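Fold and geometry: a report
Below, each chain spelled out in residue letters.
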Amino acid sequence: MSAIFKKEMRAYFNSMTGYIFIGVFVFVTALYFSLYNIISLSPDFRIVLSSIIMVMLLIIPILTMGLLSQETKQKTDQLLLTSPVNVYDIVIGKFLASVSLFLIALLLTFIFPIIISIFGNVVFSEVICAYLGFLFMGICFISVGIWISSLSDNQIISAVLTFMSMFVLFFIEGIATSLPNGNLYGIGLAIILCVLVGLFVYYSIEDIKYSLISAVCIAVIFGIVYFVKPDFYNTFLYDFVMSFSMISRFSNFILGIFDISSIIFYVSFSAFFIYLTVRSIEKKRWN
Amino acid sequence: MIEVSNLIKQYGKDIAVNDISFTVNEGEILGFLGPNGAGKSTTMNIITGYIAPTSGTVKICGYDIIDEPQKAKSKIGYLPEIPPLYVNMTVDEYLDFVCDIKKISKGDKKDVLEKIKDIVKISHVSNKIIKNLSKGYKQRVGIAQALIGNPEILILDEPTVGLDPKEIIEIRDFIKTLGKNHTVILSSHILSEISAVCDRVLILNKGVIVAQDTTENLSENLSKNHKMNISVKGDKENIKTALENEESIVSVIQQGENEKDTYQFIVEASENCDIREVIFDNAIKNNYKILGMNPVEMSLEDIFLKVTDIEDNSIKENTENEENDEGNSEGEGNE
């Protein structure tokens, strides 16, 4: 894992990618800092952090687009997959390299709250809390990016797809509120989920028996919920879509609330996408 | 050392490898021979664990490549068809990275790298960026990569492609020396290369093993030459009918006119006679002059036809058209 990590970090700084990422990120943060803090004479740095989410969405695909697609394109995946390294090690090594670069960029922006603290009052615990939320949110986006990068051997395609999915995740709140509510929609979604789980298991292990069993298990759970708490389905569609919302969770951190359940959500969200990435690489081998 | 049994690889409806079984013993150099698309690379990719077979098993030193991939893979050095190089790295950085993923300890790394760079002669390009290297040097870096960790088994997919004739000879000699303490599988579509290097040959066509034999047996087949390319001076029609009337001559194909009244023919005789004598006698009898005579090398396609017993006319026609091409590429290899 450390070998892959080292290689990716080297690749970031051997090419322009690392410098462009850090440069753009710090530069735009500095712009917002000047606008919101210096010109408006405000000591609140958290508002800057919540404004640069958009920038993060734009530049995270730069980090992740080539991670796996380039390996496939250059055929270097042949080296990685035929050497005594676990696929998880490969993916996690790459993931950690992206996260580290993101972290470096983020740490560099920490100079701005320090500058503010020279001239005014900064509650560092609040700022650090906001930073932590920002970091974990970024990690989620990176995990989505690395998964998309494993789907195609074209960097540009994976960059565009990553952009798109990030925008969907960004605007998911708006999407959720415009969705219709009601019992039937909730039950419909439950059925779709059962089918999806079944299909996922089928494509993973290609065994009809186990796919049916897992789909039925999920269906039974939904059934029990229906009888115990039928109200659940009234808002199920909305709740389900909202559960993907990174931004609404992040607003808690901006308010200075260190929300451990959100951290758990972010971590498991990333872990799920790393798992998907490994599956997608394995899938290519078995096709 | 390597046990492959009932290997099948299917891509949708296409069968790339169809029920292949063979074993490779320790210290043996096995050659995969076959035209493009015969399933050589696919088989190698399966043996090295890059892709998984649809069914069948591969055992490397007793370890199953699917069940115990780490242990099996640590025994193999693999040079794929396109060397897997990170083109933005320098040679040293790249080899250093390969050492890391093959889990070479830090202390040994330097010695290992120096030795390997010496062997494949890339020490003087250590600090160059790989994308600026020539194709031959890239190939060498690829070979170096496969040698790292001193694996017991080396799998080389067309190792001499893109090299100049001098390099080809060097690499071939080198592979031969490797065979003394490694088990090697090597693929090629160049016959002379296989016969020069390998102990045993496995001929693949359309995903099936059509023949496996030792190199001696194969070259014995080769030396039984019954085809001659002759250039003769005289009347074209007379010569042609004269040759055709000869009992032991099976076919006469006219190739063209070089100089005035000088024609080229490809003459094939039946198996139990010396074609050179037959042609000589025929020339005396019919009063024409032989200006040149050289054997038509048995091409890969001929051997395919021989081993598969396909008496398909369309294939034969293709073979004859490609014969010259094949001869040329083999010639390059021999120079």
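**Details of the interface of chain B and chain A**
- Listed as interface residues are 33 residues of chain B and, on the opposing side, 23 residues of chain A.
- Roughly 2,600 Å² is buried in total at the junction of chain B and chain A, and carbon and sulfur atoms are behind 58% of that figure.
- Counting across the chain B and chain A interface gives one salt bridge.
- Across the pair K6 of chain A and D100 of chain B runs a salt bridge, and its minimum N-O distance is 3.1 Å.
- Applying the counting criterion to the chain B and chain A interface returns ten residue pairs in polar contact (both at pLDDT 80 or more).
- Every element with two or more residues in the side of chain B that touches chain A is listed here: β1 (2-11), α2 (69-73) and α3 (91-101) of chain B.
- With seven residues, α3 of chain B is the single largest residue contributor to the side of chain B that touches chain A.
- Here the side of chain B that touches chain A is built from residues that sort into 18 nonpolar, eight polar and seven charged.

**Topic: the nonpolar core**
- Counting 144 residues, the largest nonpolar core has F102, F134 and M137 of chain A together with F22, Y94 and I185 of chain B as its most contacted members.
- Ranked by the residues each element gives to this core, the list is headed by helix α9 (residues 124-149) of chain A, at 14 residues.
- Among the nonpolar cores identified, the runner-up in size contains 16 residues, and V232, L243, A269 and V278 of chain B belong to it.

**Looking at the sheet that holds β1 of chain B**
Residues and elements named next belong to chain B.
- The four strands lie next to each other as β2-β1-β4-β5, forming an open sheet whose pairing is antiparallel. Each end of this open sheet is capped by a strand with a single partner; those strands are β2 (14-24) and β5 (63-64).
- Set on the sheet, helix α1 (residues 40-47) makes contact with β1, β2 and β4 (55-60); between it and β1 the angle comes to about 120°.

**Description of the packing of helix α1 (residues 2-14) of chain A against helix α7 (residues 87-109) of chain A**
Residue and element names in this part refer to chain A.
- Relative to each other, α1 and α7 sit at 45°, their axes nearing to 8 Å. With respect to each other, α1 and α7 are oriented oblique. The interaxial crossing formed by α1 with α7 has right-handed handedness. Residues I4, F5, K7, E8, M9, Y12 and F13 of α1 form the contact with α7, whose own contacting residues are D89, I90, G93, K94, L96, A97, S98, S100, L101 and I104.
- Its residues assigned to classes, the contact of α1 with α7 comprises ten nonpolar, three polar and four charged.

**Examining the domain arrangement of chain B**
- Domain boundaries assigned for chain B yield domain 1 (2-221) and domain 2 (226-295).
- If you average the C-alpha positions of domain 1 of chain B and of domain 2 of chain B, the two centres end up 45 Å apart.

**Topic: the domain arrangement of chain A**
Residue and element names in this part refer to chain A.
- Here the domain parsing of chain A yields domain 1 (2-172 + 244-286) and domain 2 (182-234).
- Using only C-alpha atoms to locate each centre, domain 1 and domain 2 end up separated by 32 Å.
- With four residues of domain 1 at the interface, the matching set in domain 2 holds four residues.
- Between domain 1 and domain 2 lies a buried interface of about 290 Å² when both sides are counted; carbon and sulfur atoms form 56% of it.
- Of all residues in domain 1, Y275, R279 and K283 give up the largest surface area on contact with domain 2, accounting jointly for 83% of the area buried on that side.
- Summed over the shared surface of domain 1 and domain 2, the result is zero salt bridges.
- Looking at side-chain class alone, the side of domain 1 that touches domain 2 contains two nonpolar, no polar and two charged residues.

**Some details on the confidence of the model for chain A**
- Confidence in the prediction of chain A, expressed as mean pLDDT, is 89, and 100% of residues score 70 or more.
- The secondary structure element of chain A with the lowest average pLDDT is helix α14 (residues 236-242) of chain A, at 84, and the one with the highest is α7 of chain A, at 94.

**Observations regarding the environment of D157 of chain B**
Residues and elements named next belong to chain B.
- By the element assignment, D157 lies in strand β7 (residues 153-157).
- With relative accessibility at 1%, the residue D157 sits in the buried group.
- Expressed as a C-alpha distance, the spacing of D157 and P83, which sit 74 residues apart in the sequence, is 9.2 Å.
- Setting aside chain neighbours within four positions, we find D157 in contact with S41, M44, Y78, L79, P80, E81 and S187.
- Of note is the side chain of D157, whose polar atom sits 2.6 Å from the side chain of S187.

**Notes on helix α12 (residues 183-205) of chain A**
All names here are of chain A.
- In this model α12 runs 34 Å from its N-terminal to its C-terminal C-alpha over 23 residues, within 8% of the 33 Å that 1.5 Å per residue would give.
- Among all positions of α12, only G186, L189, A190, L193, C194, G198 and V201 are buried.
- Where α12 is buried, its residues meet α13 (208-228) and α14.
- Of the residues flanking the end of α12, it is E206, one or two places downstream, whose phi is positive at about 55°.

So, how was this worked out
Residues numbered from 1 in each chain as written. Chains lettered and ligands numbered in written order. Predicted model: local features only at pLDDT ≥ 70, side-chain atom pairs only at ≥ 80, totals over all residues. Heavy atoms only, no water. Contact = heavy atoms within 4.5 Å. Buried area = accessible area lost by both parts, 1.4 Å probe. Salt bridge = Lys/Arg side-chain N within 4 Å of Asp/Glu carboxyl O. Polar contact = N/O pair within 3.5 Å; in protein donor to acceptor, adjacent residues only side chain to side chain. Helix = DSSP H or I, 4+ residues; strand = E, 2+ residues; numbered from the N terminus. Nonpolar A, V, L, I, M, F, W, Y, C, P; charged D, E, K, R; others polar. Core = buried A, V, L, I, M, F, W, Y, C linked by side-chain atoms within 4.5 Å. Buried < 20%, exposed > 50% of the residue type's maximum accessible area, 1.4 Å probe, protein only. Pairing = 2+ DSSP bridges. Axes fitted to C-alpha atoms, helices over the stretch in contact; angles between N-to-C directions. Parallel < 35°, antiparallel > 145°, perpendicular 65-115°, else oblique. Left-handed = near helix turned anticlockwise from the far one by under 90°. Domains from an automatic or database assignment. pLDDT = per-residue confidence, 0-100. Expected span 1.5 Å × (residues − 1).

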